[in-house]
Amino acid sequence: MPQPVLLLGIDDSPDYSEFPLAEIAQARPVILADANAPAWARPYLARHLVVDPADAVATAAAVKGYATAHELGGVFTYTSKHLVTTAQIATKLELFGSSAEAHAVCTDRLQVRQRLAQHKVSMPRWAEARTPEAVVAQGDLIGYPVVIKSRIGGGSSGQACDRAEVPAIHARVTGLQAAQPHRHDTLLIEELVDGPQVAVETVALKDGDIQVVAITRTILGPPPARAAVRHCVYAHDSLLHNRQIRQAATRAVNALGITLGTLHIEMTLTSRGPCVTDVSAHLAGDLIPLLVKRATGINLPQVAADLATGQPPNLTPTRQRAAAAHFAYPAVSGRIESLLLTTSPHQPHMDRVALTQHAGHHVMRAQEASAEDRLAHWVVLGDTAADCHTALDLLAQDLTVHIVSSAAAVHHVGTPGPGSPRPTVQVHEPRPLPEAAQ
């Protein structure tokens, strides 16, 4: 019987969290440690330990108490905000994982930059600043455009093309950073390097073995938000054999002191080689584990759980395909009046389609959007990456949205107003794709 694993923290929405949880639950019992267990998650859980993960001391005590009376093979999380607590619990219970000190570094972008610099890992030029005036001064030194990032937290960032754009982006990023459990006033100012955006899906194994299992190619939306519009994973991606990329990933893992776990290492492929721009020392989000499994057969959620319980993970590819996801964002900011999605789930190449907004919600246009503003997403499969992109280009035309732009709409952020209509989803019979997409 596989050993149970404890998952620390879970998101309320199933759009991105259900797949990894379902995959892990297929292989071993899952105990959730969180204040609430969403209804969609309960069928996958063997047990729910009611605790607030933001309270590290109480959480550690509750998990230790549970482990004294029940079998527990390991603990893990797939969000950055609980990485340090997870590592502390694993150490106290003498379970598997990287040190809390290493994870503390990985959750602080400033410390990540310092460690990478010490190990001569190529990065964009960077500086730290607090006030808008200091950001402007650092931007003058680095040279515009620059990317302004939160020091703590995940995707909080914005691009400033000149001095005039700094105050608005500073306010946006500091506002998002203030919502993080470990607030910090310092921001990271980074050179905007030019080139394709990729992420190296990496696994750190025992005895210093570091393996690159997949490459995620990402297309970003317009500035300042530069939100991810599309991800694509191809089993035969030529970058899998790129020596510079593999070397950069290995150096980054060693520099940060991660000795066991999955990492999502973001890079920009510049004319002078790969530049590491971000490192997440946990399971990738944003449907990327789904794409990796569909394209290669490698099950990253199960890999993460295996590592947490000390089991050797299966990293052998069993599929030779491509998989891609496309995210639709609003063209304007305002309140959604109606949504119409005409994609059939039986389309050629289709893996899944989801409408992720409702009438009555307030959304931000693509230039200021975050993942919470996405209207819908599609996941497709193909023999090549080109097949996937062709299919997604066509499917993205199946969404029609009516948004009313008004200041009053801001009052409806996150919740529909009374009597607001639900989104209209109309399913059509499959229509054939052009020959190029077959």
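Not measured: the values here are computed from a predicted model.

A.B. asks: Explain the side chain of His-361 to me, using residue names and the numbers behind them.
C.D. replies: Along the chain, His-361 falls in the loop between β16 (350-355) and β17 (362-363). By relative accessible area, His-361 is classed as buried at 12%.

A.B. asks: Now, about helix α10 (residues 300-308): what can you tell me, with residues and values included?
C.D. replies: Within α10, 8 of the 9 residues are buried, which leaves the element mostly enclosed by the surrounding structure. For α10, the full list of buried residues reads Leu-300, Pro-301, Val-303, Ala-304, Ala-305, Asp-306, Leu-307 and Ala-308. One or two residues past the end of α10 sits Gly-310, with phi positive at roughly 80 degrees.

A.B. asks: A description of the environment of Leu-188 should follow, citing residues and the corresponding values.
C.D. replies: Examined against the element boundaries, Leu-188 turns out to sit in strand β8 (residues 187-191). Given the relative accessible area of 2%, Leu-188 is considered buried. Expressed as a C-alpha distance, the spacing of Leu-188 and Val-147, which sit 41 residues apart in the sequence, is 8.1 Å. Every residue in contact with Leu-188, bar those within four places of it in the chain, is listed here: Arg-109, Arg-113, Trp-126, Ala-127, Val-147, Ile-148 and Lys-149.

A.B. asks: Can you tell me about empty space enclosed by the protein, naming the residues and giving the values?
C.D. replies: Counted by the stated rule, this structure contains 2 cavities of 30 Å³ or more. In this structure, the largest cavity encloses a volume near 260 Å³. In terms of lining residues, the largest cavity is bounded by 20 residues, among which Val-75, Phe-76, His-103, Leu-260 and Gly-261 are the most central. Of all the elements in the fold, those that place two or more residues in the lining of the largest cavity are β4 (74-76), α3 (83-92), β12 (261-270) and α10. Looking at the lining of the largest cavity, the element that brings in the most residues is α3, giving 4 residues. Tallied by class, the residues present in the lining of the largest cavity amount to 12 nonpolar, 8 polar and no charged. Quantified by volume, the second largest cavity comes out at close to 30 Å³. Along its surface, the second largest cavity is lined by Glu-201, Thr-202, Thr-262, Leu-263, His-264, His-282, Leu-283, Ala-284 and Leu-300.

Rules used throughout
- Residues numbered from 1 in each chain as written.
- Predicted model: local features only at pLDDT ≥ 70, side-chain atom pairs only at ≥ 80, totals over all residues.
- Heavy atoms only, no water.
- Helix = DSSP H or I, 4+ residues; strand = E, 2+ residues; numbered from the N terminus.
- Buried < 20%, exposed > 50% of the residue type's maximum accessible area, 1.4 Å probe, protein only.
- Contact = heavy atoms within 4.5 Å.
- 1 Å grid on protein atoms, 1.4 Å probe; cavity = no way out; pocket = protein on both sides within 12 Å on 5 of 7 lines; lining within 4 Å.
- Points joined across faces, edges and corners; volume = space filled by probe spheres on them.
- Nonpolar A, V, L, I, M, F, W, Y, C, P; charged D, E, K, R; others polar.

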